[in-house]
Amino acid sequence: MSKRWNQTRVASALGVQYPIIQGPLGGSSSQRLTAAVSNFGGLGSFGSHGLEPHAIKDVIAEIRSLTSKPFAMNLWVSMEDPGAAVSDATAFQRALSHLAPHIKAVEGTQPTFSPYNAIRFEDQARVLLDAKVPVFSFIFGIPPKEILDEAGKQGIITIGTATTPDEALALEQAGVNLVVASGFEAGGHRGSFLRSSEDSLTGTISLVPQTVDAVRIPVIAAGGIADARGIAAAFALGAEGVQMGTHPSTTCRAAMRTCRYSFGQRITPIVRTKAIARTTAFPSAKRDRNMPSGLTKTHMRRSRTLRSTWRFIPRGSIQSK
Ligand SMILES: Cc1cc2nc3c(=O)[nH]c(=O)nc-3n(C[C@H](O)[C@H](O)[C@H](O)COP(=O)(O)O)c2cc1C
């Protein structure tokens, strides 16, 4: 009997029904969205790179209270931010002055300055290992061997992120279980770690088959995948799973609410929605005055399209944190 489309090595390694990952959104993740995606058979991910270890512990506990299904916690391996180390209150106010009117317009909470406090990746990873999270995904490099070894011993599935086949190979050689091939279309940061971002700009449609050819571990395609056609295309290219970031974040009305009500404290709605609009998934998005702030007609239309893809998330079932 032929295999169903969703019976892939990614689905089986992660223990999920659908090899569809809601991409981690560092600074913009929600416990409820993460849990809801997992509850409906995909893999919800929580981007926790900006959180102190004790806060990560709380997030994991809350996600566990909302789902018994596998979920992923995501970290940035490289936490260096030299720019932040020298940024001061004046620079913060200068940057904020451009955004403050927009935050006010959507009744968001104005962010306040707090001095940069470097968080160590190793301390964050320790929390994930101690909590034995089901899946530990990461970006911007390869964790130290001791961390990967311990994850392996604990039965924690690891997912690395590659923007080139070389990076995928390096992740495989380090013993990482699954690799996300992240094309240049992918929203958020460029996770390159072997070469500069400028030298790692392969598009998803080229990167996925090259990566599949380069490694033996299962490949998850990311970047510009926005509906069932994108998923089918990624699978035709050899991927065994997909990771979508931009679209899930604009799909459900709860996520929009999250933009408006929760993220105000950490990231402004305008910054977030504009960042989303700037990803190449929405190259020609035009602003419309009647849309929620920063969202566009294109977002709304495509969100409806995606809703039909993410059928396992009924409308209104997700509430933002
Ligand atoms: C606002 C935003 C924040 C993101 N933060 C992270 C992150 O912290 N860690 C990570 O591995 N990927 C991060 N990503 C990448 C997504 O998880 C996902 O791989 C990517 O969005 C897929 O491409 P798409 O945006 O075209 O769907 C982020 C993406 C966005 C849009």
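Here, every reference points to the structure presented above.
Remember, predicted model here, so these are calculated numbers, not experimental data.

J.: Give me the lowdown on the overall build of the chain, citing residues and values where you can.
T.: The helix and strand inventory of the chain stands at 14 helices and eight strands. Partitioning the contacts of the chain with sequence separation of at least 6, the portion at a separation of at least 24 is 64%.

J.: Would you mind going over helix 10 (residues 228–236) in detail, with residue names and values included?
T.: Since there are 3.6 residues in each turn of an α-helix, residues three or four apart along the chain are aligned in direction. Here helix 10 has its buried residues at Gly230, Ile231 and Ala234. Angularly, the buried residues of helix 10 cover 100° about the axis, an arc narrow enough to put them on a single face. Facing away from the buried surface of helix 10 by more than 90 degrees, the exposed residues are Arg229 and Ala236. Of the residues flanking the end of helix 10, it is glycine 238, one or two places downstream, whose phi is positive at about 110°.

J.: Could you give an account of the site of the ligand, naming the residues involved and the relevant values?
T.: In the neighbourhood of the ligand, 28 residues make up the surrounding shell, with Gly23, Gly26, Gly187, Gly188 and Gly245 lying closest. The residue makeup of the shell around the ligand, split by class, is 10 nonpolar, 17 polar and one charged.

J.: Talk me through the nonpolar core; I want residue IDs and the actual numbers.
T.: Counting residues in each nonpolar core, the largest one holds 67 residues, and the members touching the most others are Val135, Val179, Ala181, Val219, Ile220, Ala221 and Val242. Considering every element that reaches this core, the biggest residue donor is strand 3 (residues 71–76), with five residues. With residues near it in sequence (within four places) discarded, alanine 221 still touches Ala181, Thr204, Val208, Ala234, Leu237, Ala239 and Val242.

J.: With reference to specific residues and values, describe the sheet that holds strand 1 (residues 20–22).
T.: Sheet architecture is open: eight strands sit in the order 1-8-7-6-5-4-3-2, paired in parallel fashion. Looking along the sheet, the strands with just one partner apiece sit at the ends: strand 1 and strand 2 (44–47). The mean angle between the axes of side-by-side strands here comes to 25°, regardless of whether they run parallel or antiparallel. Lying on the sheet, helix 6 (residues 121–130) is in contact with strand 3 and strand 4 (135–139); it crosses strand 3 at an angle near 170°.

What counts and how
Residues numbered from 1 in each chain as written. Predicted model: local features only at pLDDT ≥ 70, side-chain atom pairs only at ≥ 80, totals over all residues. Helix = DSSP H or I, 4+ residues; strand = E, 2+ residues; numbered from the N terminus. Contact = placed C-beta atoms within 7 Å. Buried ≥ 20, exposed ≤ 12 C-beta atoms within 10 Å, placed from the backbone. Arc of directions from axis to C-beta. Near = placed C-beta within 6 Å. Nonpolar A, V, L, I, M, F, W, Y, C, P; charged D, E, K, R; others polar. Core = buried A, V, L, I, M, F, W, Y, C linked by C-beta atoms within 7 Å. Pairing = 2+ DSSP bridges. Axes fitted to C-alpha atoms, helices over the stretch in contact; angles between N-to-C directions.

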